[in-house]
Amino acid sequence: MLMVFCRHGEKWELQLKGSGKTPYSRNGDGRAVLRSSVREFLCSEAMHYLGIPTSRAASLVVSDDDVWRDQFYNGNIKKERGAVVLRLAKSWFRIGSVEILAYSGELDLERRLLDFIIQEHFPSIAMNNSNRYLEFFSTVVSGTANLIAQWMSVGFAHGVCNTDNFSLLSITVDYGPFGFMDSYDPNFVPNTSDDEGRYKIGNQANVGLFNLSKLLQALKPLLDPKQKQLASRILEGYGEHYYRRFTELFKEKLGLLGERENDNYLIAFLLKVSLLC
């Protein structure tokens, strides 16, 4: 990973996807195929121009290496052309980046990582503030709720909403088996390996809550009893925050101005009508 500075003083982290094994590749080969690389390149740029926080794609290079993949997870493995995407983001730290340190009991390293993330990416939080981890958590909760509401407003299903794929900066990262709904269907699943529909589009907000609960669990060893109570209340407010932002976005789509008692009913009714069409 490489950090670059732009002309306006912004810092961006560069990352290669598909370049080979890393310490986090598990048993995979760390490669990417051309079809998925093109999809990530196009979709990340499309999401950016839709106004949704996302990583960006800088370049795509086709590789001479052959990559073997089971595209539909049906045992039919085929040889495909490899590719590498150079992608950018303000940060590639995810909920899983904190979770793995807490799970391993590396609390000093977890504290150092959190302080680095806060100092680099959350300038509104003072480093000498004893509640900085609490404020950090509150920002991530509201940011995650906003992001998923934006996904829903354009019919975007991420496909693999685990903690490793949820950014601490609340941006869309790791475009794998994503998809856009052609017509409204809360059970839409773009991931052919997701047999149980855990990451179906209608469950994304709930999965976001689950991932945030995992972040809270990872933060708790660093919080005092009062901070733990406050953090739990912050998490309880996630649903209200998400629903409020979801409603705002859909009211904008419908051109509804001000606040009317039946606005939420109208949105729910139109979505139900869309489901029946």
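Small disclaimer: the values here were computed from a predicted structure and weren't measured.

## Points about the domain arrangement of the chain
In terms of domains, the chain is made up of domain 1 (2–89) and domain 2 (95–253). Taking both sides of the interface into account, the surface hidden between domain 1 and domain 2 amounts to around 1600 Å²; carbon and sulfur atoms contribute 57%. Looking at the side of domain 1 facing domain 2, the largest losses of area belong to Arg39, Met47 and Pro53, adding up to 28% of the total buried there. Taken together, the connections running from domain 1 to domain 2 amount to 2 salt bridges. For Glu120, the salt bridge goes to Lys11, with nearest N and O atoms at 2.4 Å. Secondary structure elements with two or more residues in the side of domain 1 that touches domain 2: β2 (11–17), α1 (34–49) and β4 (78–89). In terms of residues, the side of domain 1 that touches domain 2 owes the most to one element, α1, which gives 5 residues.

## Regarding the environment of Val67
Within the secondary structure, Val67 is located in strand β3 (residues 56–69). A C-alpha to C-alpha distance of 10.0 Å links Val67 and Ile77, two positions 10 residues apart in sequence.

## Considerations on unusual backbone geometry
Phi is positive for Ser170, which is not a glycine, with a value near 60°. In this fold, Ser170 is placed in the loop between β5 (156–157) and β6 (179–180). Ser170 sits in the buried class, given a relative accessible area of 10%. Its identity is not glycine, yet Asp174 carries a phi of approximately 60°, on the positive side. Mapping Asp174 onto the fold places it in the loop between β5 and β6.

## Things to note about the side chain of Ser37
Examined against the element boundaries, Ser37 turns out to sit in helix α1. Classification of Ser37 by relative accessible area gives buried; the value is 3%. Filtering out sequence-adjacent residues up to four positions away, Ser37 remains in contact with Ala32, Leu60, Ala83 and Val85.

## Let's talk about the packing of helix α2 (residues 95–103) against helix α5 (residues 204–219)
Their axes nearest at 9 Å, the elements α2 and α5 cross at an angle of 40°. One finds that α2 runs oblique with respect to α5. Crossing of α2 over α5 shows left-handed handedness. Contact residues: α2 offers Ile95, Val98, Glu99 and Ala102, while α5 offers Asn211, Leu212, Lys214, Leu215, Ala218 and Leu219. Along the lines of polarity and charge, the residues of the contact of α2 with α5 split into 7 nonpolar, 1 polar and 2 charged.

## Section: the nonpolar core
By size, the foremost hydrophobic cluster in this structure holds 54 residues, and its most contacted members are Phe136 and Trp151. Here the element with the most residues in this core is helix α4 (residues 132–153); it accounts for 12 residues. Residue assignment places this core across two domains, with domain 1 (2–89) and domain 2 (95–253) each supplying three or more.

Parameters at a glance
Residues numbered from 1 in each chain as written. Predicted model: local features only at pLDDT ≥ 70, side-chain atom pairs only at ≥ 80, totals over all residues. Heavy atoms only, no water. Domains from an automatic or database assignment. Buried area = accessible area lost by both parts, 1.4 Å probe. Salt bridge = Lys/Arg side-chain N within 4 Å of Asp/Glu carboxyl O. Helix = DSSP H or I, 4+ residues; strand = E, 2+ residues; numbered from the N terminus. Buried < 20%, exposed > 50% of the residue type's maximum accessible area, 1.4 Å probe, protein only. Contact = heavy atoms within 4.5 Å. Axes fitted to C-alpha atoms, helices over the stretch in contact; angles between N-to-C directions. Parallel < 35°, antiparallel > 145°, perpendicular 65-115°, else oblique. Left-handed = near helix turned anticlockwise from the far one by under 90°. Nonpolar A, V, L, I, M, F, W, Y, C, P; charged D, E, K, R; others polar. Core = buried A, V, L, I, M, F, W, Y, C linked by side-chain atoms within 4.5 Å.

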